[in-house]
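Residue-level structure breakdown
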Amino acid sequence: MQQSVSEYYITELADWNRSIDFYDTEIADMEDKLNERIHQNTIPNLAANTERFLNSMDVQRNIFLAIQLLIQKQETRLYKNDTPEENGEITTETKDEQNSIRDKMQSAEKNY
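This report concerns the structure included in the present document. (Residues numbered from 1 in each chain as written. Predicted model: local features only at pLDDT ≥ 70, side-chain atom pairs only at ≥ 80, totals over all residues. Heavy atoms only, no water.)

Take the packing of aromatic side chains next. According to the stated counting rule, one finds five aromatic pairs in the structure shown. Where F64 meets Y112, the ring centres are 5.8 Å apart and the plane angle is 70 degrees; that geometry is what we call edge-to-face. Separated by 48 residues along the polypeptide, F64 in helix α2 (residues 46-77) and Y112 in the segment after α3 (92-111) bring together distant segments of the chain. For Y112, a relative accessible area of 36% corresponds to the partly exposed category. Every member of this aromatic cluster is reached through a ring pair, and the members are F22, Y23, F64 and Y112. Lying over the aromatic face of F53, R52 brings its terminal NZ or CZ to 4.7 Å of the ring centre. (Phe/Tyr/Trp six-rings, centres within 6.5 Å; stacked < 30°, edge-to-face > 60°. Helix = DSSP H or I, 4+ residues; strand = E, 2+ residues; numbered from the N terminus. Buried < 20%, exposed > 50% of the residue type's maximum accessible area, 1.4 Å probe, protein only. Lys NZ or Arg CZ within 6 Å of the ring centre and 35° of its normal.)

Applying the stated criterion across every chain yields a total of four salt bridges. With its nearest N and O atoms 2.8 Å apart, the salt bridge here joins R102 to E12. Of this pair, R102 sits in helix α3 while E12 sits in helix α1 (residues 5-40), and the two are 90 residues apart along the sequence. For R102, a relative accessible area of 18% corresponds to the buried category. In this structure E12 comes out as buried when scored by relative accessible area, which is 10%. Across the pair R18 and D15 runs a salt bridge whose closest N-O atoms are separated by 2.2 Å. Here R18 and its partner D15 are both found in helix α1, three residues apart, which amounts to about one turn of the helix. (Salt bridge = Lys/Arg side-chain N within 4 Å of Asp/Glu carboxyl O.)

In structure tokens form, the structure reads like this:
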């Protein structure tokens, strides 16, 4: 059976959510390891360098969280009475938003 556009979009959004959850876990693990190193403070200037990485990870986490909010909004557009929209019912706005989220996700993953 052929997959509808909305089903494809929904699958794509779910994949992005899983990726973001993975990145969030990975960032949290790295932050824990870096904070552990800061507290050991065995290498001069380590804390300053580590803090820079912690700040950049925090920025990246916020970018991923913002994308997740966009994904949630997009998911609500793709359902009608708890079922995926039919191909003919997908609006240009919904298609444009999907493309925008895709671009943001690709950029965020590239920068990560």
